[in-house]
Amino acid sequence: MSPAVNGWEAGYILDRSPVYRRNKFNYRHLNAAELVDMQWKLGMAVSSDTCRSLNSPYVSLLLKIAEPSGQISQKALEMTIPQFQNFHKQFKEMAAIMETV
């Protein structure tokens, strides 16, 4: 059985890409938010109150999202470089699968 993530079961489309769905899911009726805009920046944390020399690069993302209700919200997140590289890899895999559909 697939692992559950936030109440969703992990499934597979085209036997290659993990997606989240509930049992028999009709994708056309998905009432999901829509990505409206994405801004990013690369930063460098050089120090903090607990560490004088961090020298740690990071990527900041600001996502503007249109909720199904029509309300626009913003979500901010930061990732380390390895986290961003994994994020990028997953998006490349999704893009490759979308080209086959």
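Cut-offs used in this document
- Residues numbered from 1 in each chain as written.
- Predicted model: local features only at pLDDT ≥ 70, side-chain atom pairs only at ≥ 80, totals over all residues.
- Heavy atoms only, no water.
- UniProt positions renumbered as here; feature names shortened; annotations may be inferred.
- Helix = DSSP H or I, 4+ residues; strand = E, 2+ residues; numbered from the N terminus.
- Buried < 20%, exposed > 50% of the residue type's maximum accessible area, 1.4 Å probe, protein only.
- Contact = heavy atoms within 4.5 Å.
- Areas by Shrake-Rupley, 256 points an atom, 1.4 Å probe, with all protein chains shown as cover.
- pLDDT = per-residue confidence, 0-100.
- Phe/Tyr/Trp six-rings, centres within 6.5 Å; stacked < 30°, edge-to-face > 60°.

Under an unreviewed UniProt entry, the protein has the name COMM domain-containing protein 6 and belongs to Fundulus heteroclitus. Per its UniProt entry, the protein bears the Function (unreviewed entry) comment "Scaffold protein in the commander complex that is essential for endosomal recycling of transmembrane cargos; the commander complex is composed of the CCC subcomplex and the retriever subcomplex. May modulate activity of cullin-RING E3 ubiquitin ligase (CRL) complexes. Down-regulates activation of NF-kappa-B. Inhibits TNF-induced NFKB1 activation." Per its UniProt entry, the protein bears the Sequence similarities (unreviewed entry) comment "Belongs to the COMM domain-containing protein 6 family."

Draft legend 1. Seen up close, the overall build of the protein. What the protein contains, in helices and strands, is one helix and six strands. Seen in sequence order, the protein has helices and strands lined up from the N terminus as β-β-β-β-β-β-α. Among the 101 residues that make up the protein, the fraction classed as buried is 14%. Look at the contacts in the protein between residues 6 or more apart in sequence, and 26% of them connect residues 24 or more apart. Per element, the accessible surface of the protein, about 8,600 Å² overall, is 54% carbon and sulfur.

Draft legend 2. Up close: the confidence of the model for the protein. Averaged over all residues, the pLDDT of the protein equals 75, while 70% of them reach at least 70. With pLDDT under 50 throughout, residues 1-28 is counted as low confidence; its partners more than four residues away or in other chains account for 38 contacts.

Draft legend 3. Fine view of the packing of aromatic side chains. The final tally for this structure, using the stated rule, is two aromatic pairs. Here Phe84 and Phe87 contribute two aromatic rings whose centre-to-centre distance is 6.2 Å and whose plane-to-plane angle is 35 degrees, an arrangement assigned as tilted. With Phe84 and Phe87 both in helix α1 (residues 81-100), this residue pair falls three residues apart, about one helical turn. With centroids separated by 4.8 Å and ring planes inclined at 50 degrees, the aromatic side chains of Phe87 and Phe91 adopt a geometry described as tilted.

Draft legend 4. Spatial organisation of the environment of Trp40. Tracing the sequence through the fold places Trp40 in strand β4 (residues 34-45). The exposed category is assigned to Trp40, whose relative accessible area is 62%. Discounting residues that sit within four places of it in the chain, Trp40 has contacts with Ser60 and Leu61.

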